[in-house]
Amino acid sequence: MKRVLALASTTAVLGLSACATETVPMCRAPMTYEMAAFSAIISHNETAVADAMAPGLLQNAFISRDPMVRSHVWGSDGNTRGTVTGMLSQPPLCIFDDPGFVATEASRQILVYPQRAHDRVAPPVETPLADAPLPWGTYRGDYMTCRFEQTATGWKLADLCGYRMPGAPSVTG
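Residues numbered from 1 in each chain as written. Predicted model: local features only at pLDDT ≥ 70, side-chain atom pairs only at ≥ 80, totals over all residues. Heavy atoms only, no water.

Draft legend 1. Representation of the pattern of salt bridges in the model. Inspection of the entire model under this criterion finds 7 salt bridges. Note that Asp142 and Arg120 form a salt bridge whose closest N and O atoms lie 2.1 Å from each other. Taken together, the residues Asp142 in the loop between helix H7 (115–121) and strand E3 (144–151) and Arg120 in helix H7 connect sequence positions 22 residues apart. Given the relative accessible area of 56%, Arg120 is considered exposed. (Salt bridge = Lys/Arg side-chain N within 4 Å of Asp/Glu carboxyl O. Helix = DSSP H or I, 4+ residues; strand = E, 2+ residues; numbered from the N terminus. Buried < 20%, exposed > 50% of the residue type's maximum accessible area, 1.4 Å probe, protein only.)

Draft legend 2. Expanded view of the state of the cysteines. Per the counting criterion, the structure on display carries 2 disulfides. Cys27 shares a disulfide with Cys94; S-S distance 2.3 Å. Classification of the bridge connecting Cys27 and Cys94 rests on its S-S torsion, roughly -125 degrees, and on that basis the disulfide is left-handed. Of this pair, Cys27 sits in the loop between helix H1 (2–20) and helix H2 (32–42) while Cys94 sits in strand E1 (residues 93–97), placing them 67 residues apart in sequence. Exposure remark for Cys27: the relative accessible area of 26% places this residue in the partly exposed category. Exposure remark for Cys94: the relative accessible area of 0% places this residue in the buried category. Cys146 shares a disulfide with Cys161; S-S distance 2.0 Å. Across the S-S bond linking Cys146 and Cys161, the dihedral sits near 105 degrees, which makes this disulfide right-handed. Here Cys146 is found in strand E3, whereas its partner Cys161 is found in the segment after strand E4 (154–157), with 15 residues between them in sequence. Sequential numbering of the bridged cysteines in the chain gives the disulfide pattern 1-2, 3-4. (Disulfide = S-S within 2.5 Å.)

Draft legend 3. Region of the structure containing the packing of aromatic side chains. Overall, the coordinates contain 9 aromatic pairs when judged by the stated rule. Ring geometry for Tyr113 against Trp136: centres 6.3 Å apart, planes inclined by 40 degrees, an arrangement best described as tilted. Placement of Tyr113 in strand E2 (residues 107–114) and of Trp136 in the loop between H7 and E3 is noted, with a sequence separation of 23 residues between them. Assessed through its relative accessible area of 0%, Tyr113 is described here as buried. Arranged with centres 5.5 Å apart and planes meeting at 65 degrees, the rings of Tyr139 and Tyr143 form a pair that is edge-to-face. Members of the aromatic cluster, connected to one another through ring pairs, are Phe96, Tyr113, Trp136, Tyr139 and Tyr143. Above the ring of Trp155, the side-chain terminus of Arg108 is found at 3.9 Å from the ring centroid. (Phe/Tyr/Trp six-rings, centres within 6.5 Å; stacked < 30°, edge-to-face > 60°. Lys NZ or Arg CZ within 6 Å of the ring centre and 35° of its normal.)

Draft legend 4. Quick look at unusual backbone geometry. The step from Pro91 to Pro92 runs through a cis peptide bond, and the omega angle for that step is -5 degrees. Note that Pro92 resides in the loop between helix H6 (84–88) and E1. In this structure, Cys161 takes a positive phi of about 60 degrees despite not being glycine.

Keep in mind these values describe shape, not function.
Below, the structure is given as structure tokens:
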């Protein structure tokens, strides 16, 4: 009887240990508010981009056509590599909540991968997450981050996917 109980106990502990190992997560499709912002950027619809942005200095800079902001979003001289448009123009998109950012009811950040880049850099699904923490790959080459803030009119893009205003402190989780 002791052997049966010991075996059952060991099996239960091993079963719980296996459940405790978190593996590499699966990506998700963009949420409606994320896709609205991304679609506005891809279509070069400046009014829609401004409407998809959280109010503040960055939105004002975008509306006033700041050349650094425009270059970040759409590139310059036809070069879109590493730009927001360059990354978003490779559908389908693979989205993760950024584990390096502490999400709140007012702010959240996501990692955005073009599916092709994700498939190239992601570890196998059965890999323990502790062995391969997000993000994978090269920032602005394989993925980018996009921060959203809750406003009176819903979730809005707060950083134009990684743009930092000159002189502004870095926002991290």
